[in-house]
Amino acid sequence: MLIGEILSDAAAHAPEKTAIRMGGFEQSFAALDRAANRVGNALVRAGYGKGRNVAILSPNRPEYAAIHFGAARSGAVLAHLSTRAPDGEIARILAATDIEALFVDASLAGAPVGLRDDAPELERIVVIGGAAPGGMERYEDFLSGASDEPPPVAVAPDDPCVITFTGGTTGLPKGVVASQEARAIGSVRARREFELEDDDVFCCSTPLFHIAGLLVWFQTGVLNRNTQVLMPAWDAEEFMRLVEEEGVTAAFLVPTQINAVIGHPRFSADRLKGWRYCNFGGAPMPNALAERMMEALPHLEWVEQYGQSETGNLTVRPPRFARSKMGSAGRAFSDVDLAILDDRDRPLPPGEIGELVTRGAHRMIGYYNDPDATAETVTADGWVRTGDIGYLDGDGFLFLVDRSKDMIVSGGENIYPTEIEDALCRHPAVNECAVFGIPDERWGEVPAAHVVLQADAGTEEEELIAFVAGRVARHKRPRRIRFVDAMPKTPVGKIQKNLIRAPYWEGRERVI
């Protein structure tokens, strides 16, 4: 299946059903299909069709969907830019990925004005949802006169169609190029194994510029012909309102969003009684938080999933395993090939810890214009190194221990921060935490933590260290805990340990 066929199939089978709702706006699948065709034809007409690189910089809004499917039908390669990236990073990405045309939300249209000097390939800037500053054009004008019939472009499954960017939790984002097939197959798998219902109403709160928000959740909803309610920005109170008043029944959330909901001053299970299904992932879920969320919302079906920008979605944990396989990221989709390798690339048996690898149609083509990084990630026989450390149990369930770059090597011993974070989260005063390695003259590095406390809660560093020391091996206890008001996070809510860790290592080299 091609990306464009996901939408045309939904439009053919449920043309008048509402595809998208946002505020007072509603759009049927048939109307979205026609809008995507207009985008595709306008791109071809303007010379940005097959094999040309274009980009979008926008929060969640209906036009985002039309541009995504329309670009795929035109054969263009669409790069999805983070709305939270600083101007300098946007300029660097535009230049590094040879972007020729940019769709930008009107609220952000001021940012690209000076980017043409730094991005020499950028010829055209199209403004969505508002007036166009000088040198730009309105979205409506760009589409004017474009046919709403399918673009006359032959698109193949192995054609590149999308560039998404890695999360930036361990370093600068890299542009991941993926094919039509690779980005369609994830939705096919999700529809088959996520246990969705045809009448579910999705909430799309995760940014569409992220693979989880667009290609794992939103696109799966289109394939399954679900109505989708878009949130331009995450807000726990607004999410609860959408459940109460807009009939939202299903959502994809990251752990920090779940924590924000169940910890909200106006939270009550009764307010959320219409919410039946929560798919979650995107970051490690401490067991302590998993227990709290299941206790707070016992009626919900909790479905964990795991994947990466380089591979798409890889595993799913069905709701019947929510407790018996707590801590697991699920088992591989039925047609996904996974393995755990040791440091010499030899397969490991169940229960032994190593690096997770995968291969198949879902893998990326490579990092844009970065053959060295691609060669480091993709082996000669097609395995993609995920950089995640974990093991498979005897039933085939994946247990992730940590990111390889986050692992702490202390006195020759491997220490995995997620184990310590789970212990910290069990303290009633702890709301969020991040554990990482800091330099130590004797051991090389030792664990430390940043902690955000619950509102009106208090504790001391020594008390927390002792609390953790009673739950993990003594050498794994944090040697230093710093209380902070907030954590730096990526747009999808992942804590950026690289930014937290960096000041502690200034002037020193950390070797993993």
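Everything numeric in this text was worked out from a predicted model, so none of it was measured.

A. Region of interest: the overall build of the protein. The secondary structure content of the protein amounts to 14 helices and 26 strands. Taking 512 residues into account, the globule formula puts the C-alpha radius of gyration at 24 Å, and the protein, at 23 Å, falls close to it. Projecting the C-alpha coordinates of the protein onto the three principal axes gives extents of approximately 70 × 50 × 45 Å. Among the 512 residues that make up the protein, the fraction classed as buried is 58%. Within the structure as shown, the protein displays about 20,200 Å² of accessible surface, and the carbon and sulfur contribution to it stands at 48%. Of the charged side chains in the protein, 53 are positive and 73 negative; the average position of the first set lies 2 Å away from that of the second.

B. Structural context of the state of the cysteines. As enumerated under the stated definition, the model contains zero disulfides in all. No disulfide involves Cys-203; its sulfur sits 6.7 Å from the nearest other cysteine sulfur, which is in Cys-204. Cys-203 supplies the cysteine sulfur nearest to Cys-278, a cysteine that is in no disulfide, at a spacing of 10 Å.

C. The side chain of Arg-73, seen in detail. Tracing the sequence through the fold places Arg-73 in helix 3 (residues 62–74). A distance of 2.9 Å separates a polar side-chain atom of Arg-73 from the backbone oxygen of Gly-4. If we skip the residues at most four places from it in the chain, Arg-73 touches Gly-4, Leu-7, Ser-8, Asp-33, Ala-36, Asn-37, Pro-151, Val-153 and Val-155.

D. How the structure looks around the sheet that holds strand 26 (residues 480–483). One open sheet holds the three strands; their spatial order is 24-25-26, and the pairing between them is mixed. Here the strands that pair on one side only, and so sit at the sheet edges, are strand 24 (430–440) and strand 26. Strand after strand, the sheet turns through a mean of 25° between neighbouring axes, direction not considered. Where strand 24 meets strand 25 (residues 444–453), ten bridges bridge the pair, whose relative direction is antiparallel. Looking at the pairing, Gly-437 lines up with Pro-447 of strand 25. Most of the contacts of helix 12 (residues 417–425) go to strand 24, to which it runs at about 140°, and overall it touches strand 24, strand 25 and strand 26.

The rules behind these values
Residues numbered from 1 in each chain as written. Predicted model: local features only at pLDDT ≥ 70, side-chain atom pairs only at ≥ 80, totals over all residues. Heavy atoms only, no water. Helix = DSSP H or I, 4+ residues; strand = E, 2+ residues; numbered from the N terminus. Rg over C-alpha atoms; globule rule 2.2 N^0.38 Å. Buried < 20%, exposed > 50% of the residue type's maximum accessible area, 1.4 Å probe, protein only. Areas by Shrake-Rupley, 256 points an atom, 1.4 Å probe, with all protein chains shown as cover. Lys, Arg positive; Asp, Glu negative; His and termini not counted. Charge placed at Lys NZ, Arg CZ, Asp CG, Glu CD. Disulfide = S-S within 2.5 Å. Polar contact = N/O pair within 3.5 Å; in protein donor to acceptor, adjacent residues only side chain to side chain. Contact = heavy atoms within 4.5 Å. Pairing = 2+ DSSP bridges. Axes fitted to C-alpha atoms, helices over the stretch in contact; angles between N-to-C directions.

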